[in-house]
Amino acid sequence: QVQLVESGGGLVQAGGSLRLSCAASGRTFSSYAMAWFRQSPGKEREFVAGISQGGAGTYYTDSVKGRFTISRDNAKNTVYLQMNSLKPEDTAIYYCAAEAGGRYYSTVSREYDYWGQGTQVAVSS
């Protein structure tokens, strides 16, 4: 069992930055691939970025490449999402997710085993 708690969301102007954190419980954090998804009102949950168990592998959706960076610190049981050059279309609830099979590149939400409660990110124009 893994419990995930996101933090770091907020309101920021376009062009600004935020760093999201996701703290995980349990001693097996390093065995899970991790990812960030987001969901806007009226839209399906979409994949944002994923990272492999050791952190060497990362994968991003095209719309955030070059602006967002996913990283993890297994000693702290935490995964991060650094978001730069934010745009109004980045406004959403951001969720972290854990996947037991190592498929950090999976963009399919149902393949993830554990989810956090989400943190709101709002970008004003």
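Residues numbered from 1 in each chain as written. Predicted model: local features only at pLDDT ≥ 70, side-chain atom pairs only at ≥ 80, totals over all residues. Heavy atoms only, no water.

Please set out the side chain of E99 residue by residue, giving values where relevant.
In this fold, E99 is placed in strand β9 (residues 92-99). Within the structure, E99 has its side chain in polar contact with the backbone nitrogen of G101 (distance 2.9 Å). Polar side-chain contacts of E99 include one of 2.6 Å to the backbone nitrogen of G102. (Helix = DSSP H or I, 4+ residues; strand = E, 2+ residues; numbered from the N terminus. Polar contact = N/O pair within 3.5 Å; in protein donor to acceptor, adjacent residues only side chain to side chain.)

Quick one: what's the story with the pairing of strand β4 (residues 33-39), residue by residue and with numbers?
Within β4, six of the seven residues are buried, which leaves it mostly tucked inside the rest of the structure. Relative to β9, β4 is paired through seven bridges, and the arrangement is antiparallel. Residue pairing for β9: Q39 is matched across the bridge by I93. In the sheet, β4 pairs with strand β5 (residues 46-51) via five bridges, with the strands oriented antiparallel. Within β5, the position partnered with R38 by the bridge is E46. Hairpin connection of β4 to β5: six residues between the antiparallel strands, including G42 at a positive phi of 80°. (Buried < 20%, exposed > 50% of the residue type's maximum accessible area, 1.4 Å probe, protein only. Pairing = 2+ DSSP bridges.)

So what's going on with the pattern of salt bridges? Residues and values would help.
Under the definition given, this model contains six salt bridges. Close ionic contact of R103 with E111 constitutes a salt bridge, the shortest N to O distance being 3.7 Å. On the accessibility criterion, R103 (34% relative accessible area) is partly exposed. Judged by relative accessible area, which is 30%, E111 ranks as partly exposed. Linked through salt bridges whose partners overlap, the residues forming this network are R38, E46, R67 and D90. (Salt bridge = Lys/Arg side-chain N within 4 Å of Asp/Glu carboxyl O.)

Could you give an account of the sheet that holds strand β8 (residues 78-83), naming the residues involved and the relevant values?
The strand order β1-β3-β8-β7 describes an open sheet built from four strands, whose pairing is antiparallel. Here the strands that pair on one side only, and so sit at the sheet edges, are β1 (4-7) and β7 (68-73). Within the sheet, the average angular offset between the axes of one strand and its neighbour, ignoring direction, is 15°. (Axes fitted to C-alpha atoms, helices over the stretch in contact; angles between N-to-C directions.)

If you had to explain unusual backbone geometry to someone new, which residues and values would you point to?
Its identity is not glycine, yet N77 carries a phi of approximately 55°, on the positive side. For N77, the position within the fold is in the loop between β7 and β8. Accessibility expressed as a relative area gives 18% for N77, which makes it buried. Although it is not a glycine, S85 sits at a positive phi angle of roughly 50°. One can find S85 in the loop between β8 and β9. Classification of S85 by relative accessible area gives partly exposed; the value is 41%.

Summarise the nonpolar core; cite the residues concerned and give the values.
Within the largest apolar cluster, 28 residues are counted, with the highest numbers of intra-cluster contacts made by M34, W36, L81, M83 and Y94. The set of elements that each furnish at least two residues to this core consists of β3 (18-24), β4, β5, β7, β8, β9 and β11 (119-124). Counting residues in hydrophobic clusters, the runner-up holds five residues, among them A35, F37, F47 and Y112. (Core = buried A, V, L, I, M, F, W, Y, C linked by side-chain atoms within 4.5 Å.)

Remember that the coordinates give geometry; whether it matters functionally is a separate question.
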